[in-house]
Amino acid sequence: MYFQKKRCIAMLLAGGQGSRLKVLTEKTAKPAVPFGGKYRIIDFPLSNCVNSGIDTVGILTQYQPLELNEYIGNGQPWGLNKTRSCAQVLPPYERHDKKSGWYKGTANAIYQNIDFIERFDPDYVVILSGDHIYKMDYAAMVEYHEKHEASCTIAVRNVPLAEASRFGILNTNPDNSIYEFEEKPKKPKSTNASMGIYVFNWKVLREALIADEDDASSSNDFGKNIIPNLLNAGHKMMAYNFDGYWKDVGTIDSLWEANMELLGKDPEFNIRGDERSKIYARNSALPSSYIDEDAKTVNCFIAEGSEVYGTVRHSVISTGCTIGEDALVEDSVVMPGVVIEPGAIVRHAILGENSKVCRNAVVGGAFEADEKKNISVTSKGAVVEANTVLLPGEML
Amino acid sequence: MNVMGIIFANDATLGELTDKRTMASLPFGGRYRQVDFALSNLSSAGVRHVGIITRHSYQSLMNHIGSGEEWGLEMEEGGMEFLTPYAMSTKDSYRGKLESLYTAWDFLEYGPEDEYVIMIDSAVLSNIDLNKVLAAHIESGKDITVVAKAGIANGSKQLDLALKLDDKGGIADIAVDYVAPADYLASMDIFVLSKRFLMEQVKEHISHNLYHMDRDLVLGLWQKGAIGINVFEFEGVAMFNESIEEYFRNSLSLIKKDVRKDLFGRNHPVFTKVRDRVPTYYGEDCEIEDCIIADGCMLEGEAENCLLFRQVTLEKGAEIEDCIIMNDSVIGEGAELKYVILDKNVTITPGTKIIGTKSSPVIIKRGETV
């Protein structure tokens, strides 16, 4: 193996279960959940790394890693398999000193992989999570961090005051340095929410991780422990404002919304981009899609390898799907490999990978514009039998 | 079984479409280049040592194939090699397949211990199980197996190599560059033979100033009774893209489900260079009927019976029918196209009307603005 000193490497926390995605993450880790027709959630932070010139990424996995590991493989789709680059999957492992076992928290996961990081002798380590849909230039954030000679820089965005108590809130001085961090405060003093994207000086982080590990009362978490501890120790910490599109897709509703926000001529999140902001994905080697003479395709995304014979409106159809004759798909997210048989109706639904809606079955329903939309969900490989109904908000 | 693949990139026969590319690098089917079929067929059969023989305009081909990674041919042992003319400081480029093999002698001689060679062209597209062909070749005990297809000869198309079988499956006639009647089989330019036999024959032919595979080796030796030929009749879809008319017709035949299913069989996927385009966006008012559509397009106009490559923009009010639109082309508002092939990166300005015919579609060259 050849190791080169790196100015900056990234560690991507991809071990979470994502339990709020319910049946969609029963057998799949959240970062491997399909998104936007041909992507998976992890493609966004990984592609951001590549587009930011970060060519060494450690990916910490724990929950249901089979598919995620398969998907990442050797990192080839993101160009991370070259002589001087890597996408290294880092599962929990057994150590001689008993400080091992499952990753106890986000900080412990990094702690257990100090050896991996040390091999590259980095100046900076970017900590990322596999939960969000966004495009961001991490290089600009590292520049900012370096310019301000901070120990840690945290990406923040403005959130509505009403929602601020759901986030880690950063209270800052006029120069954007952080004087206080509050995890999910009841009475937030500001609306600067942490995006869970950190740049650390590696030496500072390394010490903090070791100290944190020795503290038996710690929950070994970045938000709860590492950040407050560094702040209390008087380290210079900066907030880095980001105002681009950023969406937590940790719930059924937000995952559905984020997919819908890709649609339109001038979408809220434009996934298209030039070579520097392209999102890369593992390719499925399927032919181009086919749109039949009786098909109707209105305001929708349809990925390669799909065959459309019915009607698709305001939906995202992923790779390798079949939409049968006289079937109707509306306001839905159809994940890869789904078959919707003739005459079936699917509305306000997320259909999990390779699930099947048989003839004349009905999934979900229609809602008024101001009504809460209860999304129906099928899990991977589920079958909605012919002539049956999956009610709005139901899961199979 | 150690098998070596040799792909011939083929010289251009499609006019403006192959001005600056080989037949191998001609775009096909929305996201492919023609060579993807030969490469994927070899790759699916487990062949891990492939040479690509190319003579002219191979820049786009090399760009497309790169290290062969997408086809699993990026190997330390074997893998993929480009065999270009002048590579071995010979004075001349080559005239025929046998001569080209002679200039690539080191590839044949010093490669891994391959026992058999599969030779395959890039102008005839199919999804063929080459292991079956190889097994049939070995079982036949003949010197060479020619893969051939019925139904291509029609009394007007000239075939490179035509074969007629007798009642017992033996060969009644072989002809080269022949406008064959319908009862002849057309060679798909896929040959299987032992490496030892091929090397002997290449040497023998070159020494006698003979260089043509079909005419000298197959026909010549057969006439002398000096070769045993096994014919493997292929039942699946074979697309002979040897003229613009055929290329146009074959491309649009992908709209037929049975053709598509055959050519892109799920068990033998066709691999190509990945481009990572976003899924195609279908706008509020688009009307798309009977079309094959690749990723990355923005569709707001009307299309019927068309094949759209990646990243095509079809603006509002544009109408296209029976067209092939290659990568990155833009069709402006209210434009009207029928029987047209747009090469890559063409811009059709708003309101432009271009009408070709089925047998001779209008071709707009790469990068042009009309």
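Procedures and definitions
- Residues numbered from 1 in each chain as written.
- Chains lettered and ligands numbered in written order.
- Predicted model: local features only at pLDDT ≥ 70, side-chain atom pairs only at ≥ 80, totals over all residues.
- Heavy atoms only, no water.
- Helix = DSSP H or I, 4+ residues; strand = E, 2+ residues; numbered from the N terminus.
- Buried < 20%, exposed > 50% of the residue type's maximum accessible area, 1.4 Å probe, protein only.
- Contact = heavy atoms within 4.5 Å.
- Areas by Shrake-Rupley, 256 points an atom, 1.4 Å probe, with all protein chains shown as cover.
- Lys, Arg positive; Asp, Glu negative; His and termini not counted.
- Charge placed at Lys NZ, Arg CZ, Asp CG, Glu CD.
- Domains from an automatic or database assignment.
- Buried area = accessible area lost by both parts, 1.4 Å probe.
- Pairing = 2+ DSSP bridges.
- Salt bridge = Lys/Arg side-chain N within 4 Å of Asp/Glu carboxyl O.
- Arc of directions from axis to C-beta.
- Polar contact = N/O pair within 3.5 Å; in protein donor to acceptor, adjacent residues only side chain to side chain.
- Core = buried A, V, L, I, M, F, W, Y, C linked by side-chain atoms within 4.5 Å.
- Patch = residues over 30% accessible without salt bridge, like charges linked within 9 Å, V, L, I, M, F, W, Y side chains within 5 Å.
- Phe/Tyr/Trp six-rings, centres within 6.5 Å; stacked < 30°, edge-to-face > 60°.
- Lys NZ or Arg CZ within 6 Å of the ring centre and 35° of its normal.

(A) Broad picture of the overall build of chain A. When you go through chain A residue by residue, the secondary structure sums to 8 helices and 30 strands. Every one of the 396 residues in chain A was classed for burial, and the buried ones make up 60%. Across chain A, contacts joining residues at least 24 apart in sequence account for 59% of those joining residues at least 6 apart. Surface exposure of chain A reaches about 16,200 Å², of which carbon and sulfur atoms provide 47%.

(B) Focus on the overall build of chain B. Within chain B, the regular secondary structure consists of 9 helices and 26 strands. Each principal axis of the C-alpha atoms in chain B carries an extent, and together these give about 65 × 45 × 40 Å. Counting every position in chain B, which comprises 370 residues, the buried fraction comes to 58%. When the accessible surface of chain B is totalled, it reaches about 14,800 Å², and 44% of it is carbon and sulfur. Between the averaged position of the 37 positive side-chain charges in chain B and that of its 58 negative side-chain charges there is a distance of 1 Å.

(C) Geometry of the domain arrangement of chain B. Residues and elements named next belong to chain B. Structurally, chain B comprises domain 1 (3–265) and domain 2 (281–364). The distance between the C-alpha centroids of domain 1 and domain 2 comes to 33 Å. Contacts between the two partners involve 19 residues from domain 1, matched on the other side by 22 residues from domain 2. Across the domain 1/domain 2 interface, buried area totals approximately 1,700 Å², and carbon plus sulfur atoms make up 71% of it. When the buried area of domain 1 at its contact with domain 2 is split by residue, Gly30, Phe248 and Ile255 rank highest and sum to 35% of it.

(D) Summary view of the sheet that holds strand S25 (residues 349–351) of chain A. As summarised here, the arrangement of the 10 strands in space is S28(A)-S25(A)-S22(A)-S19(A)-S16(A)-S14(B)-S17(B)-S20(B)-S22(B)-S24(B), forming an open sheet in which the pairing is mixed. Because the sheet does not close on itself, it has two edges, and the strands there are strand S28 (376–378) of chain A together with strand S24 (347–348) of chain B. As paired strands, strand S14 (residues 280–282) of chain B and strand S17 (residues 298–299) of chain B are joined by 2 bridges and run parallel to one another. What sits directly across from tyrosine 282 of chain B, in S17 of chain B, is leucine 299 of chain B.

(E) Representation of the interface of chain B and chain A in the model. Each partner contributes residues to the interface: chain B has 40 residues there, and chain A has 39 residues. Buried surface at the junction of chain B and chain A, both sides included, amounts to about 3,200 Å², of which 44% is carbon and sulfur. Of all residues in chain B, Asp276, Tyr281 and Tyr282 of chain B bury the most surface against chain A, accounting for 20% of the area lost on that side. Applying the counting rule to chain B against chain A returns 5 salt bridges. Salt-bridge contacts for arginine 260 of chain B lead to glutamate 307 of chain A; the nearest nitrogen and oxygen are separated by 2.8 Å.

(F) Summary view of the pattern of salt bridges. Tallied over the entire structure, the rule returns 36 salt bridges over all chains. Among the salt bridges present, the one from aspartate 121 of chain A reaches lysine 5 of chain A, with a minimum N-O distance of 3.8 Å. Residue aspartate 121 of chain A is located in the loop between helix H4 (114–118) and strand S6 (124–129), and its partner lysine 5 of chain A is located in the segment before strand S1 (8–13); the two are separated by 116 residues in the primary sequence. A residue is classified by how much of its surface remains accessible, and lysine 5 of chain A, at 45% relative accessible area, is partly exposed. Residue arginine 215 of chain B is joined to aspartate 216 of chain B by a salt bridge in which the shortest nitrogen-to-oxygen separation is 3.5 Å. Classification of aspartate 216 of chain B as buried rests on a relative accessible area of 11%. Among the ionic contacts, a cluster of salt bridges with common partners joins Arg40, Glu67, Glu353 and Lys380 of chain A.

(G) Main features of helix H5 (residues 130–140) of chain B. Residue and element names in this part refer to chain B. Among all positions of H5, only Leu130, Val133, Leu134 and His137 are buried. Considered in projection along H5, the buried side chains sweep an arc of 100° and stay on one side of the axis. The exposed residues of H5 that point more than 90 degrees off its buried face are Lys132 and Glu139. Buried residues in H5 make contact with strand S1 (3–8), helix H1 (35–44), strand S6 (116–121), strand S8 (144–149), strand S11 (185–194) and strand S12 (229–233). By the N-cap criterion, in which a side-chain oxygen at the helix start approaches the backbone nitrogen of a residue two or three places on, H5 is capped by aspartate 129, the distance to asparagine 131 being 3.0 Å. Where H5 ends, the next residue or the one after it, glycine 141, has phi of about 70°, a positive value.

(H) The sheet that holds strand S21 (residues 328–330) of chain A, seen in detail. Residues and elements named next belong to chain A. In space, the 6 strands of this open sheet follow the order S15-S18-S21-S24-S27-S30, with parallel pairing throughout. Looking at which strands have only one partner, the edges of the open sheet turn out to be strand S15 (296–298) and strand S30 (389–390). As defined by bridge partners, S15 adjoins strand S18 (residues 311–313) across 3 bridges and the pair is classed as parallel. The residue bridging lysine 296 from the neighbouring strand is threonine 311, located in S18.

(I) Up close: the environment of aspartate 173 of chain B. Residues and elements named next belong to chain B. With respect to the secondary-structure elements, aspartate 173 resides in strand S10 (residues 171–179). For the pair formed by aspartate 173 and leucine 163, sequence separation is 10 residues and the distance between their alpha carbons is 5.8 Å. Beyond its immediate chain neighbours, meaning those up to four positions away, aspartate 173 contacts Ala162, Leu163, Lys164, Tyr184 and Trp222.

(J) Structural context of the nonpolar core. In this structure, Met136 and Ile350 of chain A are the most contacted members of the largest nonpolar core, which totals 76 residues. Looking at this core, the element that brings in the most residues is helix H8 (residues 252–260) of chain A, giving 5 residues. Filtering out sequence-adjacent residues up to four positions away, methionine 136 of chain A remains in contact with Asn48, Ser52, Met141, Ala155, Met195, Ile197, Tyr240 and Phe242 of chain A. Core analysis: the second largest hydrophobic core is formed by 48 residues, Ile323 and Val357 of chain A together with Ile288 and Ile354 of chain B among them.

(K) Seen up close, a negative patch on the surface. A cluster of acidic residues, Glu293, Asp294, Glu325 and Asp326 of chain A together with Glu304 of chain B, forms a negative patch on the protein surface. Here glutamate 304 of chain B shows up in strand S18 (residues 302–304).

(L) The side chain of lysine 38 of chain A, seen in detail. If you trace the backbone, lysine 38 of chain A turns up in the loop between strand S2 (34–35) and strand S3 (39–40). At a separation of 2.7 Å, a polar atom in the side chain of lysine 38 of chain A contacts the main-chain carbonyl oxygen of arginine 277 of chain B. Residues contacting lysine 38 of chain A, with those up to four places away along its chain left out, are Ala281, Ala303 and Thr319 of chain A together with Asp276, Arg277, Val278, Pro279 and Asp295 of chain B.

(M) Highlighting the environment of isoleucine 363 of chain B. As for its placement among the helices and strands, isoleucine 363 of chain B is situated in strand S26 (residues 362–364). Not counting the four nearest positions on each side in its chain, isoleucine 363 of chain B is found in contact with Glu16, Leu17, Ile244 and Ile341 of chain B.

(N) Inspection of H1 of chain B at higher detail. Residues and elements named next belong to chain B. The element H1 is largely enclosed, with a buried count of 9 among its 10 residues. Listing the buried residues of H1 in full gives Val35, Asp36, Phe37, Ala38, Leu39, Ser40, Asn41, Leu42 and Ser43. Just past H1, the residue glycine 46 takes up positive phi, approximately 85°.

(O) How the structure looks around unusual backbone geometry. A positive phi is found at glutamine 64 of chain A, a non-glycine position, where the angle reads about 35°. For glutamine 64 of chain A, the location among the structural elements is in the loop between strand S4 (56–60) and helix H2 (65–72). We classify glutamine 64 of chain A as partly exposed; its relative accessible area is 33%. Residue aspartate 189 of chain B is not a glycine yet carries a positive backbone phi of 55°.

(P) Seen up close, the packing of aromatic side chains. All chains considered together, the criterion is met by 21 aromatic pairs over all chains. Ring geometry for phenylalanine 37 of chain B versus phenylalanine 264 of chain B: centroids 6.1 Å apart, planes at 45°, classification tilted. Placement of phenylalanine 37 of chain B in helix H1 and of phenylalanine 264 of chain B in the loop between helix H9 (257–263) and S14 is noted, with a sequence separation of 227 residues between them. Note on phenylalanine 37 of chain B: relative accessible area 2%, which makes it buried. Take phenylalanine 264 of chain B: its relative accessible area is 11%, and that puts it in the buried class. The ring of tyrosine 71 of chain A has arginine 40 of chain A sitting right over it, with the charged end atom 5.2 Å from the ring centre. When the ring centre of phenylalanine 8 of chain B is taken as origin, the NZ or CZ atom of lysine 97 of chain B, which lies over that ring, is 4.8 Å away.

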